[in-house]
Amino acid sequence: MAMLEADDFVKGLQGIGFDFFTGVPDTILGGIIAHLTEERLYTPAVREDEAVAMAAGAYFGGKIPAVLMQNSGLGNALNVLESLNLIYQIPCLLLVSWRGFEGKDAPEHLVMGETMTTLLDTIRIPHRTLSAETITDDLQWTAKTFMEKRIPVALLLKKGIVKTVQP
């Protein structure tokens, strides 16, 4: 399986317009967050719902926001996503690490790992699973969906797709 470099992935996101990054740390996203922090592009959040709210503020300030979180944090962000972003058409990119994919992870990640795509479908957030082989199409889909629908869009990142840093 091919692996993307974190800086190349960030450049790809910037290439389609994303210029505000916030979120909550996760090991799968560690390389991306480390690069964003190094480039002074990352504003850390304490909780996922706070990160989504900060992204909404950034959007109203003229930025194109992305929120990084692990899928277990999606539960923390649901109320803001549903009662703010989806109702008032405030877009953001959700970069969600897919913990518990195919039942391979710590026990606390297994239920969300199994149900995350169904949850996203239920709350009507379009999503796509990123792969190194389809990165160009994935980013084009992200930009197109973001601009057309004006709602949150999720890119799901499995372990090993983007290089990370080890704790």
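Residues numbered from 1 in each chain as written. Predicted model: local features only at pLDDT ≥ 70, side-chain atom pairs only at ≥ 80, totals over all residues. Heavy atoms only, no water.

Trainee: What exactly am I supposed to notice about the side chain of Ser 97 here?
Mentor: Within the secondary structure layout, Ser 97 lies in strand S4 (residues 93–97). With relative accessibility at 0%, the residue Ser 97 sits in the buried group. Not counting residues within four places of it along the chain, the set of residues in contact with Ser 97 comprises Asp 26, Ile 28, Leu 29, Met 69, Gln 70, Asn 71 and Leu 157. (Helix = DSSP H or I, 4+ residues; strand = E, 2+ residues; numbered from the N terminus. Buried < 20%, exposed > 50% of the residue type's maximum accessible area, 1.4 Å probe, protein only. Contact = heavy atoms within 4.5 Å.)

Trainee: In this structure, what is going on with helix H4 (residues 71–88)? I would like to understand it.
Mentor: Within an α-helix, residues lying three or four positions from one another point in the same direction, as the helix has 3.6 residues per turn. If you look at H4, its biggest bend is around 55 degrees, right at Ala 77. When we look at burial in H4, the residues that qualify are Asn 71, Gly 73, Leu 74, Ala 77, Leu 78, Val 80, Leu 81, Asn 85 and Leu 86. Looking at the buried residues of H4, the elements they touch are helix H3 (48–60), strand S3 (65–70), S4 and helix H5 (110–122). With its phi angle positive at about 50 degrees, Gln 89 sits one or two positions after the end of H4. (Bend = angle between axes of the 7 residues up to and from the residue.)

Trainee: Got a minute to help me understand the environment of Thr 164 in this structure?
Mentor: Tracing the chain through its elements places Thr 164 in the segment after strand S6 (153–157). Since its relative accessible area comes to 32%, Thr 164 is described here as partly exposed. Along the sequence, Thr 164 and Ala 6 sit 158 residues apart, while their C-alpha atoms lie 7.3 Å from each other. Look past the residues within four positions of Thr 164 in its chain and what remains in contact with it is Thr 27, Ile 28, Leu 29, Gly 30 and Gly 31. At 2.4 Å, the side chain of Thr 164 forms a polar contact with the backbone oxygen of Thr 27. (Polar contact = N/O pair within 3.5 Å; in protein donor to acceptor, adjacent residues only side chain to side chain.)

Trainee: What exactly am I supposed to notice about unusual backbone geometry here?
Mentor: Phi at Arg 40 is positive, roughly 60 degrees, even though this residue is not glycine. Tracing the sequence through the fold places Arg 40 in the loop between helix H2 (30–38) and strand S2 (42–44). The backbone of Gln 89 shows a phi angle near 50 degrees, a positive value even though the residue is not glycine. Inspection of the secondary structure assignment puts Gln 89 in the loop between H4 and S4. Note on Gln 89: relative accessible area 47%, which makes it partly exposed.

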